[in-house]
Amino acid sequence: MARKFFVGGNFKMNGSKASIKQIVESLNAAELPTDVEIVIAPPALYLHWAHDHLKDTKVELAAQNAFPKDNGAYTGEIAAPQIKDVGATWVILGHSERRTIIKESDEFVADKTKHVLEHDLGVILCIGETLEERDAGMTLEVCNRQLDAVCDVIKDWSRIVVAYEPVWAIGTGLAATPDDAQFTHHEIRKHLTEKLGEEQANSIRIIYGGSVNGKNAASFNACADIDGYLVGGASLKPEFIDIVNSRQ
Ligand code: PGA
């Protein structure tokens, strides 16, 4: 079965009621392709707001994080049932900004992934190496280690989208080249084949993230293992719609 193209917009800690309403309204007004899964991730505070303004059911909402408990004394955290309650259907987990700045471990990310899936939410699972790790030739080792932590606890990956996001490409304007990205995506799929079997590995979307914009998105069109994008900075701009349409 063909893998449905997937474009996610990660707003990170950006936006206000006014700017998020404007982005949502521009998505409402745009002619969006039906063969692309489109998910935007505003800050948790604005999920409800975005949901209230979204008219196009083709666009889904993601939280940028979740805590692996249903409720309780976890000051500042947000729970999967709350994410669902405000209308989101996805959660981004393992983003490098959380792995590096907040020091989330592979095991913690895996634990969160398991918990979120149990609540019937989809997971955009981010993996990727730092510049230091890349220079040391450790790209695949790092990606495989981050994937293995999740493989250890999850056997059914049907609601996981893997986002390969080399840390050196995030927010730097230096996207990976299509050849480089395709090579790593192919190796990631090969590794998932070993861990989960060919059928499942072939059905998992592996999307690329790191300085994707309206101009460079189509340059990845020939990459057989790139099934979409996770977009940061450009998801706050009108060019996000060009990225959504980049395969058309
Ligand atoms: P960027 O971020 O598009 O701004 O590089 C991507 C991401 O962090 O998901």
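Preceding this paragraph is the structure being described.
Here is what the cut-offs are and how they apply
- Residues numbered from 1 in each chain as written.
- Predicted model: local features only at pLDDT ≥ 70, side-chain atom pairs only at ≥ 80, totals over all residues.
- Heavy atoms only, no water.
- Near = heavy atom within 4 Å.
- Polar contact = N/O pair within 3.5 Å; in protein donor to acceptor, adjacent residues only side chain to side chain.
- Areas by Shrake-Rupley, 256 points an atom, 1.4 Å probe, with all protein chains shown as cover.
- Core = buried A, V, L, I, M, F, W, Y, C linked by side-chain atoms within 4.5 Å.
- Buried < 20%, exposed > 50% of the residue type's maximum accessible area, 1.4 Å probe, protein only.
- Helix = DSSP H or I, 4+ residues; strand = E, 2+ residues; numbered from the N terminus.
- Contact = heavy atoms within 4.5 Å.
- Disulfide = S-S within 2.5 Å.

Student: Got a minute to help me understand the site of the ligand in this structure?
Tutor: If you check the shell around the ligand, you find 13 residues, and the closest are Lys12, His95, Glu165, Gly171 and Ser211. Here Lys12 contributes a side-chain N or O atom positioned 2.7 Å from an oxygen atom of the ligand. One nitrogen or oxygen atom from the main chain of Gly233 is found 2.8 Å from an oxygen atom belonging to the ligand. With the chains in place, 95% of the 280 Å² that the ligand exposes on its own is no longer accessible.

Student: Is there a simple way to think about the nonpolar core in this case?
Tutor: A general trend in soluble globular proteins is that nonpolar side chains are found buried together. Counting 66 residues, the largest nonpolar core has Val7, Trp157, Ile160, Val162, Leu192, Tyr208 and Tyr229 as its most contacted members. In terms of residue count, the dominant contributor to this core is helix H7 (residues 139-151) (5 residues). Apart from residues no more than four positions distant in its own chain, Val162 is found in contact with Leu125, Ile127, Leu147, Trp157, Leu192, Ile204, Arg205, Ile206 and Ile207.

Student: I'm lost on the environment of Gly233 in this one. Help?
Tutor: Locating Gly233 in the fold gives a position in the loop between strand E8 (228-231) and helix H10 (239-244). Gly233 sits in the partly exposed class, given a relative accessible area of 47%. As a C-alpha pair, Gly233 and Ala50 span 183 residues in sequence and 18 Å in three-dimensional space.

Student: Even after reading the chapter, I still don't get the state of the cysteines, so can you show me in this structure?
Tutor: Throughout this description, disulfide means a covalent bond between two cysteine sulfur atoms. Going through the model one piece at a time under the given rule, you end up with 0 disulfides. Counting only cysteine sulfurs, Cys143 is the nearest neighbor of Cys126, a cysteine outside any disulfide, at a range of 11 Å. With no disulfide of its own, Cys223 lies closest to Cys143 among cysteine sulfurs, the gap being 16 Å.

Remember, this is a structural readout, not a statement about activity or role.
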